[in-house]
Amino acid sequence: MALPLPPGLTPAETAFLCEMEMVTVIPRQRLEGLELLGGPIPPLNPPYRTPLPLWLALLLKRQRRANILPPPWLSPPSLHSILDFEKSTPSFSPPPPLPPYATTSPPFLPSATANAPPDALPYHWLELGEMLLEAANDDIPEPDNVRRLMRDLREVRMAKMRAGVGVLEGGREVNMNGVGGMEVAEGRAFIGGVVDGLRKIGASKELSRREREAEERENGIGGGEEDEDDMDI
Amino acid sequence: MDIDDILAEVDSHAIPHETQDLQELTRAWVTERSAPELLPWPDALMERTLERIRRQVRHPPPLAPSPLADTEPLSIKIELVEEQTGNTDPKANFRLIIIQTELERFKYLVRSFLRARIAKIDAHALHHLTDPTAKARLSPSELQYATAHTALLHAHYHSSFLSQFPASLRRMDDTAGGISMVEGPDVDKAVFVRALRDVDEPVYVDGTDTAFEMRRGDVVVVRWSAVRGIVMAGDAELI
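Quick caveat, the model's predicted, so the values are computed rather than measured.

Re the overall build of chain A
Within chain A, the regular secondary structure consists of 7 helices and 6 strands. Reading chain A from its N end, one meets helices and strands in the order α-β-β-β-β-α-β-α-α-α-β-α-α. Since a compact globule built from 233 residues should have a radius of gyration of about 17 Å, the 23 Å found for chain A marks it as more spread out than a globular shape. Its C-alpha atoms put chain A at 75 × 40 × 40 Å along the principal axes. For chain A, the proportion of its 233 residues judged to be buried stands at 48%. In chain A, the proportion of contacts linking residues at least 24 apart, taken out of those at least 6 apart, comes to 70%. Of the roughly 11,600 Å² of accessible surface on chain A, 55% is carried by carbon and sulfur atoms.

As structure tokens, this is what we get:
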């Protein structure tokens, strides 16, 4: 009964999460609006574009009731320029800009609709691109090119993940801005394991430091001396 | 309250309640799946969600040309529709498929959330029954489950081997020698965090020199104990 999975989303769960992303659909059939558990679904009137969650868009697409309008970043020119950018820096390319007055986060950002910014990879770029290439191959311009560029991007970014392992430390935070959902799911076990392992190695040092600090606080001495305490191992 | 808060409120009012609840539930699920320790039980949210699922199962939205009464359970309708495939209106049929698919997605979310919690309760049952903060995070039925499960386990251990031990060694929650037998979760485990708002105060990692700032959208890998407060305040989420 208890979930037999380790902490952290698995790739399958990440894909499930990705299916909540909104995409733009061009219906080929009429469908009245529906009241669903997660909010109302607008009525579909061909040929008007309608935003729908990905799972529903895929359902409609598989039954040939609609076409999916791929997000602007899923096109050869956009992917090309993002790939060039990725090759030029050691960090991930920046994610799309966030709406200013809200705390919404992926998968509930409009980062995969037809109005999404064309020059940035959203959080679920890999999963979303793969799913669209699989189910809506005919709606994507130059699908083979897109597939090839996606693979290149993935390799470049995976190489960065691997190179980033060198900066991992037990006590410090590691910045991973721009990382994708599937990349987190893949790298979590390794990165988490390394950070946890290094932390355990440094645990006794940390403990003695904590004790010393507590002592200093008790004695009323402003703890300013930080000798022999760098955490690099 | 400054202008940003007011705008944020206006903004969130534009989203229907159902969608807001879906977003909250999704975030709760991801956080619960990723955090090393049990998080507070989202009482109001779960009640609303379960009630909505119950309603959807019992009274699905009226199907336009349906020959059936609205009061019948969805399952009966589905069976009937399945039986009549071919001679019912294919449109009504398809609407049912959409409703059923969404319902299954919701049920999966709730189920996975509850099972993730049970896994944590099982792993550290005694900790969740003895530690007051941990105990306060259990829902009533989880508390009942943990209590009953621990009692059964104790009785079983006792009858199979603990009764052979000297009386002083039979306890499961011994604290002799300054070390408690009751193990809690490892709160220093590394987690992936994403900031949802700018965090004003720098985040300190206990016992090290590390202090860092978090801006909205930042993703960092850091130990859970350093960001626990921020995540529980809703300023950041686990991914």
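Focus: the side chain of Glu127(A)
Residue and element names in this part refer to chain A. Relative to the helices and strands, Glu 127 is located in helix α4 (residues 125–135). One buried charge, Glu 127, has no salt-bridge partner; the nearest side chain with opposite charge is Arg 154, at 8.0 Å. A polar side-chain atom of Glu 127 sits 3.5 Å from the main-chain amide nitrogen of Met 182. In contact with Glu 127, other than residues within four places in its own chain, are Thr 14, Cys 18, Gly 181 and Met 182.

Let's talk about the environment of Ile41(A)
Residues and elements named next belong to chain A. Inspection of the secondary structure assignment puts Ile 41 in strand β3 (residues 39–41). Assessed through its relative accessible area of 10%, Ile 41 is described here as buried. Discounting residues that sit within four places of it in the chain, Ile 41 has contacts with Gly 33, Leu 34, Leu 36, Leu 52, Pro 53 and Leu 56.

A closer look at helix α6 (residues 181–201) of chain A
End to end, α6(A) covers 29 Å across 21 residues, agreeing with the expected 30 Å (1.5 Å per residue, within 8%). The largest bend in α6(A) is about 55°, located at Gly187(A).

A look at the sheet that holds strand β6 (residues 174–175) of chain A
Read across the open sheet, the 4 strands follow the order β6(A)-β4(B)-β1(B)-β5(B); overall the sheet is antiparallel. Because the sheet does not close on itself, it has two edges, and the strands there are β6 of chain A together with β5 (236–238) of chain B. Of the pairings in the sheet, the one linking strand β1 (residues 190–195) of chain B to β5(B) comprises 3 bridges and is antiparallel in character. By the bridge assignment for β5(B), Val193(B) is matched with Leu238(B). Against the sheet, helix α9 (residues 224–232) of chain B touches β1, β4 (219–223) and β5 of chain B, its axis set at about 120° to β4(B).

Observations concerning the sheet that holds strand β4 (residues 50–53) of chain A
Residue and element names in this part refer to chain A. Here 3 strands make up an open sheet; going across it, the order is β4-β1-β5 and the pairing antiparallel. Two strands bound the open sheet, and with one partner strand each, they are β4 and β5 (66–69). Each neighbouring strand pair of the sheet contributes to a mean axis angle of 50°, computed without reference to strand direction. Pairing geometry for strand β1 (residues 22–27) and β5, over 4 bridges, is antiparallel. Within the sheet, the bridge partner assigned to Ile 26 lies in β5 and is Asn 67. Strands β1, β4 and β5 of the sheet are contacted by helix α2 (residues 54–62), whose axis makes an angle of about 105° with β4.

Some words on the pattern of salt bridges
Within this structure, the stated rule accounts for 28 salt bridges over all chains. Residue Glu13(A) pairs with Arg33(B) through a salt bridge whose shortest N-O separation is 2.8 Å. Separated into two different chains, Glu13(A) in helix α1 (residues 11–18) and Arg33(B) in helix α2 (residues 17–34) make up a pair that spans both. There is no split in this pair, since Glu13(A) and Arg33(B) are both buried. With a closest N to O distance of 3.0 Å, Arg223(B) and Glu206(A) form a salt bridge. Here Arg223(B), found in strand β4, pairs with Glu206(A), found in helix α7 (residues 203–219), and the two come from separate chains. In terms of burial, Arg223(B) and Glu206(A) fall into one category: buried. One continuous salt-bridge network, built from bridges that share partners, spans Glu86(A), Arg157(A), Lys160(A) and Glu183(A).

What about unusual backbone geometry?
Residue and element names in this part refer to chain A. A cis amide bond, omega 0°, links Pro 46 with the succeeding residue Pro 47. Of note, Pro 47 is situated in the loop between β3 and β4. Omega for the bond connecting Pro 106 with Pro 107 falls within 30 degrees of zero, at 5°, which places this linkage in the cis form. With respect to the element layout, Pro 107 can be found in the loop between α3 (76–88) and α4. Notably, Glu 142 is not glycine yet its phi reads approximately 50°, a positive angle.

What counts, and at which threshold
- Numbering of residues starts from 1 in each chain and follows the order in which that chain's sequence is written.
- For this description, chains carry letters from A and ligands carry numbers from 1, given in the order in which they are written.
- Totals for whole chains, interfaces and linings use every residue, but because this is a predicted model, local features are given only for residues with pLDDT of at least 70 and side-chain atom pairs only at 80 or more, for both listing and counting.
- With hydrogens and water set aside, each side-chain value is computed from the structure's full complement of heavy atoms.
- Helix numbers and strand numbers start at the N terminus; a helix is a DSSP run of H or I with at least 4 residues, a strand a run of E with at least 2.
- Values of the radius of gyration come from C-alpha atoms, whereas the globule rule sets the reference at 2.2 Å times the count of residues to the power 0.38.
- Exposure is judged per residue with a 1.4 Å probe applied to protein chains only, and the accessible area is read against the type maximum: over 50% gives exposed, under 20% gives buried, and values in between give partly exposed.
- Contacts between residues were defined by any pair of non-hydrogen atoms, one from each residue, lying within 4.5 Å.
- Per-residue accessibility takes into account occlusion by the displayed protein chains alone, with areas from the Shrake-Rupley method and a 1.4 Å probe.
- Charged residues are defined here as Lys and Arg on the positive side and Asp and Glu on the negative side; His and the ends of the chain fall outside this count.
- In what follows, salt bridge is the name for a side-chain nitrogen of Lys or Arg lying within 4 Å of a carboxyl oxygen of Asp or Glu.
- N or O atoms closer than or at 3.5 Å make up a polar contact, with two conditions inside protein: a donor-capable atom paired with an acceptor-capable one, and, for residues adjacent in sequence, both atoms drawn from side chains.
- Working rule for helices: expected span equals 1.5 Å times residues minus one.
- Think of it this way: the bend at a residue is just the angle between two axes, each fitted to seven residues, one set ending at that residue and the other starting at it.
- Whether two strands pair depends on DSSP finding at least two bridges between them.
- Axis angles are defined between N-to-C directions and span 0 to 180 degrees, where every axis is a line fitted to C-alpha atoms and, for a helix, only to the segment in contact.

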